[in-house]
Amino acid sequence: MTTHPQPPGSTAPAPPRRTAFAEGAAQLRAAAATEPGRLRTIGALLAALIIAFGAVTAWQTASRSSAADDVLHSSQPLSEGAAEIYSSLADANTAASSAFLAGGEEPKTTTERYENDIGKAAAKLVTAAASTDPGSPSAKTITQLNQLLPEYKGLVERARANNRLGYPVAGAYLRAANSMMQDEMLPAAKKLYTTENDRLRADYSDATPYPWFAIALGVLALAALAWAQRRHYLRTNRVLNRGLVAATTASAVVLLWLVTGHSFARVGLDASYDHGVRSLNVLNDARIASLNARGNENLTLVSRGAETKEVGGKDEDLYDYSFQQDMGTLDKGLAKAASLADDQAGTKPVQTATRSMRTWKTRHTAARKLDDDGEYDAALKAVIGTKKGTTGECFDLVDTNLNKALSHEQTEFKQSATDGRDALTGLPAGTATLAVLGAAGALLGVGRRLSEYR
């Protein structure tokens, strides 16, 4: 092979110049190939992993703590408030029919009960409106109820005024008021109750799931710290590195606090739902059924057969038919409430209400027979009379004992939900602080090892 010597004075071509980025990358690769470089990389990765673990833990526990607080102070009280709106309206309707049956001189207690129920429903609607987002389905329902409430009161007042004067049209006004209540107001109140219950279930769904992402990051951080300490031991024969031990301890405490704290919170919240919310829902439905049954029982005497319904090819009194349906719902609700009650304080009032309901059915059958036989005054006394042995006495016992059961279950809910929420107290801030300390420990531990190379 022939070579050609370069002419005198010529020089070899200079290699191409590298960019600053390429030069920096080359220096980083060279540094990373050394033990100090590897240690710096390990320290940075350990610190980043511990910080990520703390940040995700703080984020996930904060969201669950907020949802648990909403269960206790927002969604469940709103759900219970919606149930009280429904029951207050139903009870007002019952009181209005009872006062009507009493004739011109309405009993003061019945009138006061009606006025108190209307006032309570109006106040609860104001509270619900203040806690509802404008334009939401609940806000529209509340607006509808606020519009219907004065119209209903107007019909009741016309019925009462005409009843005092002995005009037959009074019964028509009362039936119109009842139709408005049954066909428009109570369905709207039921819709509000259902919406708030859905919101409550959504808050439970946000508060109870395990923070698996944070737990996985915690396990990964501990595994990385264990690997780093094993590497340190194999290269130096030193068993412990104080900084890495501190980082491991902090990460382990965060992970343990996260798992145990959330487990206790989950137990408390689950108990508040299983032994509180479920029982409250069943008891509220049972009380609503008893109120509707009493209203329909009264209206059976008010209408005196003016409203009928075809059942099995035969005409039945509309209100007596509705009464039977409501009593069936009440019977099933009380049976379910008894199965959900988990202590004597919850079981006893339900059992008393059940016995009163059975007596109510028997007395109602006797009152209906009197009315069918043409003994209207006797039937009236059997329903709203002042002496013992009336269906009204049974209704009052059912209502009183259902209220006792509701109060007990509400207390159980609050206690369990508070325990669940409190189990998460301090967890977001505490885990974030420990994560920062753990990351600092990892950096100090690696830094101490680096100092040996200087």
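Further up the page is the structure itself.
Residues numbered from 1 in each chain as written. Predicted model: local features only at pLDDT ≥ 70, side-chain atom pairs only at ≥ 80, totals over all residues. Heavy atoms only, no water.

### Points about the nonpolar core
Consideration 1: Ranked by size, the top nonpolar core spans 80 residues in total, and within it Leu 89, Tyr 152, Met 185, Leu 330 and Trp 360 carry the most contacts.
Consideration 2: Tallying contributions element by element places helix 2 (residues 35-101) first for this core, with 15 residues.
Consideration 3: Setting aside its immediate chain neighbours within four residues, Trp 360 contacts Ser 290, Ala 293, Arg 294, Glu 297, Phe 323, Met 327, Leu 330, Thr 391, Cys 394, Phe 395 and Val 398. (Core = buried A, V, L, I, M, F, W, Y, C linked by side-chain atoms within 4.5 Å. Buried < 20%, exposed > 50% of the residue type's maximum accessible area, 1.4 Å probe, protein only. Helix = DSSP H or I, 4+ residues; strand = E, 2+ residues; numbered from the N terminus. Contact = heavy atoms within 4.5 Å.)

### Let's talk about the pattern of salt bridges
Pairing between side chains of opposite charge can happen when their charged atoms approach one another.
Consideration 1: Under the criterion given, the structure shown has 20 salt bridges.
Consideration 2: Across the pair Glu 112 and Lys 108 runs a salt bridge whose closest N-O atoms are separated by 3.9 Å. Of this pair, Glu 112 and Lys 108 both sit in helix 3 (residues 108-130), four residues apart, which is roughly one turn of that helix.
Consideration 3: Lys 108 gets classed as exposed once you look at its relative accessible area, which sits at 62%.
Consideration 4: The salt bridge partner of Glu 393 is Arg 363, with a shortest N-O separation of 3.0 Å. With Glu 393 in helix 11 (residues 391-422) and Arg 363 in helix 9 (residues 344-372), this pair connects stretches of sequence that are 30 residues apart.
Consideration 5: Overall, Glu 393 belongs to the partly exposed group, its relative accessible area being 26%.
Consideration 6: Residues joined in a network through salt bridges with shared partners are Asp 91, Arg 113, Arg 287, Asp 396 and Asp 399. (Salt bridge = Lys/Arg side-chain N within 4 Å of Asp/Glu carboxyl O.)

### Comments concerning helix 7 (residues 242-303)
Consideration 1: The first and last C-alpha atoms of helix 7 sit 88 Å apart over 62 residues, in line with the 92 Å expected at 1.5 Å per residue.
Consideration 2: Of all the bends in helix 7, the greatest measures close to 30 degrees and is centred on Tyr 273. (Expected span 1.5 Å × (residues − 1). Bend = angle between axes of the 7 residues up to and from the residue.)

### Some words on the side chain of Ser 87
Consideration 1: Among the secondary structure elements, Ser 87 is positioned in helix 2.
Consideration 2: Exposure remark for Ser 87: the relative accessible area of 8% places this residue in the buried category.

### A few points about the packing of aromatic side chains
Consideration 1: By the definition in use, this model includes four aromatic pairs.
Consideration 2: Aromatic ring contacts, followed pair by pair, group Phe 323, Trp 360 and Phe 395 into a single cluster. (Phe/Tyr/Trp six-rings, centres within 6.5 Å; stacked < 30°, edge-to-face > 60°.)

### Some details on the environment of His 408
Consideration 1: When you line up the elements, His 408 lands in helix 11.
Consideration 2: The buried category is assigned to His 408, whose relative accessible area is 17%.
Consideration 3: As for His 408 and Gly 346, which are separated by 62 residues in sequence, their C-alpha atoms are 6.3 Å apart.
Consideration 4: If we skip the residues at most four places from it in the chain, His 408 touches Asp 343, Ala 345 and Gly 346.

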